[in-house]
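A structural walkthrough
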Amino acid sequence: MTTENIQEILPSDFTITSNSENGMQLYLSQRYKDNMIAKYVFDIDYENQDINLNDFQEKYLSKDYFNSEGNLQWNYYLIFLRDKLPIEIKRDIEKDETYARKFVFTLNELKDYLNYEKATSVAEENVVEKWKAQLIEADLQEVFSNENYTDAVPRYLDNKSKKVEELQPIDSKPDETQDFILDEVLSLGLNDDYRDFPEKRNFDFGKVNLITGPNGVGKTSLMEAIELVITGNNVRNENNFPPPGAIKAKYGVNLDEQPDSYVNSIPKFKARNYYWYNTSYTKQRFNTLHHSFNRYNFYNSDSAYHLSNNASSNELTSYLTAIALGTEFGAIRDRIIGFRDRISKELDKFNNNILREEELKDEANKQKERLKKISDPDAIFQKYLTEAKDLKWSGFLPKTLDDETKKFEEDYSTAYSLLSSIVHSKVVKESDALKKLSNLETLKYELQNQAIKKKGFNDKIKVHQNSIIDKEGDLKLINNALHYFSDAKSFRIETIDEEIKTLERTLTKTEKFLAEIAALEITDINSSYFTIKELRKSQNEILISKNAELERSRKQLKVLKNALDKIKSLMVDIKYYGREYVEAKEEIDACPLCETPHTKEELKAKVQTKYEDKESAKSIEIFNKNISQLEDEISKITRKLNQLKDYEELLKSYYIEDELETKLSEIKILLNNESSQLDESKTKLDELKSLSLDLKLGGYDLDDFLRLKDSITSKYSDLIFKAENKSGYETLKNEIEKNIDNDRKKIEIEKEQLAKLEGQTQELLNDKYNSERYIEEIDFEIREYQSYCDYFSKLKTYIDFSFEDFIIEIRHSLERLNKTFESFKEQKVKFEQLNLANKLIKEAEVKIENLLPKKERAKSALKILNEILVEDSEEKVLGSFFKKNENEISEIFTSIHSPKEFSRLSFGSNKIVLYKKGTDTEVPISQISTGQRSALALSIFLALNKKLAKGPNVIIFDDPVTYTDDLNILSFLDYLRSIVINESRQIIFATASNKIANLFEKKFDFLNSDFKRFELTRTDK
């Protein structure tokens, strides 16, 4: 491998700038309009298989890499020229991201990599337009319309399909002003009628444009605004039109500016579709330009996303179809399938309905054959009327052959039911029933009279029996009372317990009172000849006098003390109280002030000597002694008054106030009497308790006594229950016993009368009826014969007969009448069936005649629909597309996918297969990586775009590689850069990814002013 070999294959924008010392490493630069695009290092040491990548890069790349400025570092490439490098080593090299993108190529692969091949073929045949032509020719134009299946399918079958002119007015000649090549979109303006976002409303575009910003800022709305102004519609938001003039644009056309404004003009966009994408103008019935634009110019990132992230082979094919053939292909194909399925069901219905009508027609003809021999219904009807007259039928009777007979059948059924009930009864004619009913009613009347008399005697017996029961109760009550009269003391049982309780309460109160009196110190009070009020008054007067005297003494002492020197006064007090202290102490052996040892007598003498030395001291002592004496007296009087108060309150709790208006000495006598009476009451209490015990032991009980007393009082209000009334109770007992005997005698007399009546009743019954339930049995017979009479009465509503006519003969006549009626009805039905069979045959023939044209239209529609689906099946059309474009797609795919492990791809058996480089091993699309599937989707789109001869030179990408790995992104951006350099294409690229946006900028900022970056933002309000 030599430098000359490399020089021969280099494009014009590549230059070899230098080489390494050994000549095996070549340094190259790529330029565009004097601007450096990228730097390359080619390692041409072809036979060297031992590559230490880290050492190699440090030796040959690192210095130049770090000396490169700005984004050039992101456009550094290292290419190893090798023929037989192991796949594992090759993969490791190409995955390495240090310093530069790396590739391992053969010389031919390098040649393919460096030389960008421009497309020379024209745009693909539009299968959808071919389908529309076929459908219009078959009167199936509603298939590719927006008409509802439920309306469109019946219209087609009825040969009433909406014509093309009704679906959408057509024009015959395209607008020649739309015959221009759109080189680029120079500017775009959005007014307030367009969507809320993006907030930026005016854009001046360059050759390459990057639209960035987070989701929700209006990137997609901006892309769709470009799509709307160019094509008049959106694929994503189809038929969601903004107001006219909401979007304004300027296009670059043949180095000139051409203004444009959005308006929903179908002829305008049909003309562009015709000129740009070679779509037949006259076959276009609607604006489908947006579908063509999305197929060739606006990358379908939705289908690409599903293709990248779905592993199901079947679903992958549908997403490939959307990318390769356009979304309209799938939409109309679904409509064709929808029409086919619904028309197929309708055809099944037509066949079933025709078959059913043929069967009905055959069955009707068979019925006609069976009904050849029928009798004359009118002759039978006349016979029926004659028999009704002979029977004296008075129920409903049809007058003519065609009259309704249901009422006769109802009347017959009722009459026959009545006759059958009578036939199975105990009578054979009406007179028998009336006679038997009269006899039964007479017997019932006589027996009811007997029953009334028996009830009277039974009631009297019951009254006497109840009287005896009441009197025996009274007798028991009187006997219980007489038990108490046997012992007069027994009546004390009513009060003795209460007497004991009352006496016990009195004793307790007295004992407590006397104990509290004894606890008081009132010896000098209760012997007084004053009353309580007098004594309290006297003591209060003395207390007031003493208090006044004490106050005077204290004032005089204070005057005296004030006259003395304060210290002397203090000494006098000390000495006075010292003397008091010595006298009060029984044992003392030292002075309490100085603690000098002295006997008690010595201390008294010293204090007395000092005290008597001074006159003033003596006066103070006298006053102090007098005050002390007065205080003692006041204390005694106060204590006495308190004792008197306690004494008075205690007495008031026991005695009434009038008893206390006496002298205290007399009150003392009352207290002594209370003490004496207390002993007497205790003796009485013991006697009462003894009597109570004796009564209870004798069987007397207070509750029994009270119940007995209440019963006697309620029964005999004038009879008092007391011991002295014993004779009255004995007299009452004798009267009750006498009345009981009288009641018993009356009962015997009434029982004799009742037995006599019972004998008469048995004679009437005559052993025919139960002696206990004879009235019920007779009533049953009466009701039975009454029902027979009722049957006869009801039967006369339908048949006129006499009392003596036998019922069995009447029933036989009615049966003969009904037999004739049934014969008439049967022949009439057969006659109607014959008419009905003729009617059904005629109706079936009419229905079949109406269904046959619809059946033929359904068959014709299914033929063309199935031909389209088979001849232009998704697999065939997609296969044809890949066959025609396999080279272009493979070339692009091998350029942009990474790692570069596939050499080519093909389509067959409804699936895409890739072939591994070197081994040619087949790999299904479902088994390649997400990034590689994304690269495949982009390859198909770019291959289609390259085929455009007159279409817009604009390529729009809306987040095309969001879910693709870094290596595939870089490969794609490199290829996109090749398109910009080699093709006259304007790129508008939108992404929400900062990483992708930064990579994009690093690849295209060499364009300087031809590169524009728009940062979209959103202001939160």
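Because the structure is a prediction, the values reported are computed rather than measured.

Cut-off values and rules
- Residues numbered from 1 in each chain as written.
- Predicted model: local features only at pLDDT ≥ 70, side-chain atom pairs only at ≥ 80, totals over all residues.
- Heavy atoms only, no water.
- Helix = DSSP H or I, 4+ residues; strand = E, 2+ residues; numbered from the N terminus.
- Rg over C-alpha atoms; globule rule 2.2 N^0.38 Å.
- Contact = heavy atoms within 4.5 Å.
- Areas by Shrake-Rupley, 256 points an atom, 1.4 Å probe, with all protein chains shown as cover.
- Lys, Arg positive; Asp, Glu negative; His and termini not counted.
- Charge placed at Lys NZ, Arg CZ, Asp CG, Glu CD.
- Salt bridge = Lys/Arg side-chain N within 4 Å of Asp/Glu carboxyl O.
- Buried < 20%, exposed > 50% of the residue type's maximum accessible area, 1.4 Å probe, protein only.
- UniProt positions renumbered as here; feature names shortened; annotations may be inferred.
- Pairing = 2+ DSSP bridges.
- Axes fitted to C-alpha atoms, helices over the stretch in contact; angles between N-to-C directions.
- Polar contact = N/O pair within 3.5 Å; in protein donor to acceptor, adjacent residues only side chain to side chain.
- Parallel < 35°, antiparallel > 145°, perpendicular 65-115°, else oblique.
- Left-handed = near helix turned anticlockwise from the far one by under 90°.
- Nonpolar A, V, L, I, M, F, W, Y, C, P; charged D, E, K, R; others polar.
- Phe/Tyr/Trp six-rings, centres within 6.5 Å; stacked < 30°, edge-to-face > 60°.
- Expected span 1.5 Å × (residues − 1).
- Patch = residues over 30% accessible without salt bridge, like charges linked within 9 Å, V, L, I, M, F, W, Y side chains within 5 Å.
- Core = buried A, V, L, I, M, F, W, Y, C linked by side-chain atoms within 4.5 Å.
- 1 Å grid on protein atoms, 1.4 Å probe; cavity = no way out; pocket = protein on both sides within 12 Å on 5 of 7 lines; lining within 4 Å.
- Points joined across faces, edges and corners; volume = space filled by probe spheres on them.

1. Here's the deal with the overall build of the chain
Looking only at helices and strands, one finds 31 helices and 16 strands in the chain. Relative to the globule expectation of 31 Å for 1021 residues, the C-alpha radius of gyration of the chain, 70 Å, shows a markedly less compact shape. Taken over the C-alpha atoms alone, the chain extends approximately 165 × 160 × 60 Å along its principal axes. The long-range share in the chain, meaning contacts at least 24 apart out of those at least 6 apart in sequence, stands at 72%. For the chain, the accessible area works out to roughly 55100 Å², and carbon and sulfur atoms hold 48% of it. Once the 156 positive and 184 negative side-chain charges of the chain are each reduced to a mean point, those two points are 2 Å apart.

2. Some words on the pattern of salt bridges
Scanning the entire structure with this criterion turns up 57 salt bridges. Measuring nitrogen to oxygen at the nearest pair gives 2.9 Å for the salt bridge that ties Lys-130 to Asp-872. Placement of the pair is Lys-130 in helix 6 (residues 127-137) and Asp-872 in the loop between helix 27 (807-871) and helix 28 (874-896), with a sequence separation of 742 residues. Classification of Lys-130 as partly exposed rests on a relative accessible area of 31%. One salt bridge connects Lys-268 with Asp-260, and the closest N-O pair in it is separated by 2.8 Å. Neither residue differs from the other here; Lys-268 and Asp-260 are each classed as buried.

3. Brief notes about the UniProt feature "coiled-coil region" (unreviewed entry) in the chain
Look at the UniProt record and you will see "coiled-coil region" (unreviewed entry) annotated at residues 340-374, 540-570, 620-691 and 733-767. Its end C-alpha atoms 52 Å apart, residues 340-374 is made of 89% helix and 0% strand. Counting secondary structure, residues 733-767 comes out at 94% helix and 0% strand; the distance between its end C-alpha atoms is 51 Å.

4. Here we look at the sheet that holds strand 10 (residues 256-261)
Ordered by their spatial adjacency, four strands build an open sheet running 7-6-9-10, and the pairing between neighbours is antiparallel. Because the sheet does not close on itself, it has two edges, and the strands there are strand 7 (202-204) and strand 10. Neighbouring strand axes in the sheet, compared pairwise and without regard to direction, differ in orientation by 20° on average. Strand direction decides the pairing type here: strand 9 (residues 247-253) and strand 10, joined by six bridges, are antiparallel. Bridge pairing in strand 10 links Tyr-251 to Gln-258. Packing of helix 9 (residues 219-231) onto the sheet brings it into contact with strand 6 (184-190), strand 7, strand 9 and strand 10, and relative to strand 6 it is tilted by some 110°.

5. A closer look at the pairing of strand 6
Among the seven residues of strand 6, five are classified as buried, and the element is accordingly described as predominantly covered. Looking at chain direction, strand 6 and strand 9 are connected through six bridges and run antiparallel. Across the sheet, residue Ser-187 finds its bridge partner in strand 9, namely Lys-250.

6. Some thoughts on the environment of Asn-233
Secondary-structure assignment places Asn-233 in the loop between helix 9 and strand 9. A residue is classified by how much of its surface remains accessible, and Asn-233, at 4% relative accessible area, is buried. Sequence spacing of Asn-233 and Phe-269 is 36 residues, and the spatial spacing of their C-alpha atoms is 9.3 Å. Sequence-distant contacts of Asn-233, that is, excluding residues within four places in its chain, are made with Glu-227, Leu-228, Glu-238, Asn-239, Phe-241, Asn-287 and His-290. At a separation of 2.9 Å, a polar atom in the side chain of Asn-233 contacts the main-chain amide nitrogen of Asn-239.

7. A closer look at the sheet that holds strand 5 (residues 101-105)
By definition, the strands of a sheet pair up through backbone hydrogen bonds, in either a parallel or an antiparallel sense. Across the sheet, which stays open at both edges, the five strands sit in the order 1-2-3-4-5 with mixed pairing between neighbours. At either end of the open sheet lies a strand with only one pairing partner, and these are strand 1 (14-19) and strand 5. For this sheet the average axis-to-axis angle between neighbouring strands, irrespective of direction, equals 25°. The sheet contact formed by strand 3 (residues 35-43) and strand 4 (residues 76-81) spans five bridges and is parallel. When the bridges of strand 4 are listed, Lys-39 appears paired with Tyr-76. Relative to strand 5, helix 4 (residues 87-95) is tilted by about 155°, and along the sheet it contacts strand 4 and strand 5.

8. Observations regarding the packing of helix 17 (residues 430-485) against helix 25 (residues 726-765)
Where helix 17 meets helix 25, the axes come as close as 8 Å, and the angle between the chain directions of the two elements is 160°. When the interaxial angle is binned, helix 17 and helix 25 end up roughly antiparallel. Classified by chirality, the crossing of helix 25 by helix 17 is left-handed. When its residues are assigned to classes, the contact of helix 17 with helix 25 shows 19 nonpolar, 10 polar and 17 charged.

9. Brief notes about the packing of aromatic side chains
This model, assessed by the stated rule, comprises 60 aromatic pairs. Ring geometry for Phe-103 against Phe-105: centres 5.5 Å apart, planes inclined by 5°, an arrangement best described as stacked. Just as Phe-103 is buried, Phe-105 falls in that class too. Taken together, a centroid distance of 6.4 Å and an interplanar angle of 80° make the contact between Trp-276 and Tyr-277 edge-to-face. Across the pair, Tyr-277 and Trp-276 agree in class, each one buried. Members of the aromatic cluster, each reached through a chain of ring pairs, are Phe-381, Tyr-384, Trp-393, Phe-408, Tyr-412, Tyr-416, Tyr-798, Phe-821 and Phe-824.

10. Points about helix 19 (residues 532-563)
It helps to recall that an α-helix has 3.6 residues per turn; residues three or four apart then point in one direction. The terminal C-alpha atoms of helix 19, which comprises 32 residues, lie 47 Å apart, in line with the 46 Å expected from a rise of 1.5 Å per residue. Those residues of helix 19 that sit buried are Ile-532, Leu-535, Gln-539, Leu-543, Leu-550, Ser-553 and Leu-557.

11. A word on a nonpolar patch on the surface
Nonpolar side chains collect at one region of the surface, where Val-428, Phe-806 and Ile-808 lie side by side and expose about 240 Å² of accessible area between them. For Val-428, the position within the fold is in the loop between helix 16 (406-423) and helix 17. Taking the relative accessible area as the measure of exposure, Val-428 reaches 44% and is therefore partly exposed.

12. Thoughts on the nonpolar core
Residues Phe-42, Leu-188, Ile-247, Phe-957, Phe-989 and Phe-1000 are the most contacted members of the largest nonpolar core, which totals 139 residues. Other than its neighbours up to four places away in sequence, Phe-1000 contacts Val-208, Asn-209, Leu-210, Leu-973, Leu-976, Ile-987, Phe-989 and Phe-1011.

13. So, the layout of surface pockets
Roughly 580 Å³ of volume is contained in the largest pocket. Along the walls of the largest pocket sit 25 residues, with Phe-144, Asn-146, Glu-238, Asn-239 and Phe-286 positioned nearest its centre. Put simply, the parts of the chain that give the lining of the largest pocket at least two residues each are helix 11 (289-296) and helix 14 (327-370). With five residues, helix 14 is the largest single contributor of residues to the lining of the largest pocket. Class assignment for the residues of the lining of the largest pocket results in eight nonpolar, 12 polar and five charged. In terms of lining, the second largest pocket is formed by 18 residues, of which the most central are Asp-112, Ser-890, Glu-891, Thr-894 and Ser-903. Broken down by secondary-structure element, the contributors of at least two residues to the lining of the second largest pocket are helix 5 (107-114), helix 28 and strand 11 (902-908). Of all the elements, helix 28 adds the most residues to the lining of the second largest pocket, at six residues.

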